[in-house]
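In case you want the letters, here they are:
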Amino acid sequence: MLDNMPRGTICIEDLEIGMFRYLRKQVTDEDIEMFATISTDRNPVHLDDDYAKNSRFGQRIAHGLFGASFFSGLFGTRLPGRGCVYAAQNLKFRRPVYIGDIVTATITVLSVDVAKKRVTFSTVCTVGG
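The structure presented is a predicted model; accordingly, all values stated were derived computationally and were not measured.

Participant: Help me understand the nonpolar core, please; the structure alone is not making it clear to me.
Facilitator: Side chains of a nonpolar character, in soluble globular proteins, are inclined to be buried together. Membership of the largest hydrophobic core comes to 22 residues, with the highest contact counts inside it found for Leu79 and Ile107. Among the secondary structure elements, those contributing two or more residues to this core are helix 1 (29–39), helix 5 (70–77) and strand 2 (102–113). Leave out the neighbours within four places in its chain, and leucine 79 touches Ile10, Leu15, Met19, Phe20, Arg21, Leu74, Ile107, Val109 and Phe121.

The following block contains the structure:
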């Protein structure tokens, strides 16, 4: 089984079920500001402390797709690596992510179809387990 250290591109023939990679990132105010600019999602629940304080979350939250975007980096740089492009993803947002939270994004190989050059992964983001 591989550890989490990047080693360049892994050929599809060398992928094994259970291989995984992860990254950890602490969410900052600057991250949320930059993501809002890039995505054009300027919802006040992400950017306005006073507005967010009166929301059901009680404080500002990160954009849901901010955490999901970590998978793109994992696929393209860590597993399988350079040249990988992912074609589909199903998302379910179970809990909010707040400024200061440390998000762990993990991808795990579930199946490999060498003939079709397709790999199915589990993609999970967690905060505090």
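Participant: What is the right way to read a nonpolar patch on the surface from this model?
Facilitator: A cluster of nonpolar side chains, Leu65, Leu91 and Phe93, forms an exposed patch at the surface whose accessible area comes to about 310 Å². Along the chain, the position of leucine 91 falls in the loop between helix 5 and strand 2. Since its relative accessible area comes to 42%, leucine 91 is described here as partly exposed.

Participant: Whenever I open this one, the packing of aromatic side chains confuses me. Can you help?
Facilitator: Aromatic ring pairs: the centre-centre distance and the angle between the two ring planes describe each pair. Applying the stated criterion across every chain, the model contains five aromatic pairs. The structure contains a cluster of three or more aromatic residues connected by ring pairs, namely Phe35, Phe66 and Phe70.

Participant: Which parts of the structure should I look at to understand the sheet that holds strand 2?
Facilitator: Neighbouring strands of a sheet are bound in pairs by backbone hydrogen bonds; such pairs are parallel or else antiparallel. The sheet built from three strands is open, its strands ordered 1-2-3 with antiparallel pairing. This sheet does not close on itself; its edge strands, each paired only once, are strand 1 (20–26) and strand 3 (118–127). Across the sheet, the axes of successive neighbouring strands diverge by a mean angle of 20°, strand direction being ignored. Bridge count between strand 2 and strand 3: 10 bridges; the pairing is antiparallel. Its bridge partner being in strand 3, threonine 106 is matched across the sheet by valine 124. Packing of helix 5 onto the sheet brings it into contact with strand 1, strand 2 and strand 3, and relative to strand 2 it is tilted by some 50°.

Parameters at a glance
- Residues numbered from 1 in each chain as written.
- Predicted model: local features only at pLDDT ≥ 70, side-chain atom pairs only at ≥ 80, totals over all residues.
- Heavy atoms only, no water.
- Core = buried A, V, L, I, M, F, W, Y, C linked by side-chain atoms within 4.5 Å.
- Buried < 20%, exposed > 50% of the residue type's maximum accessible area, 1.4 Å probe, protein only.
- Helix = DSSP H or I, 4+ residues; strand = E, 2+ residues; numbered from the N terminus.
- Contact = heavy atoms within 4.5 Å.
- Patch = residues over 30% accessible without salt bridge, like charges linked within 9 Å, V, L, I, M, F, W, Y side chains within 5 Å.
- Areas by Shrake-Rupley, 256 points an atom, 1.4 Å probe, with all protein chains shown as cover.
- Salt bridge = Lys/Arg side-chain N within 4 Å of Asp/Glu carboxyl O.
- Phe/Tyr/Trp six-rings, centres within 6.5 Å; stacked < 30°, edge-to-face > 60°.
- Pairing = 2+ DSSP bridges.
- Axes fitted to C-alpha atoms, helices over the stretch in contact; angles between N-to-C directions.

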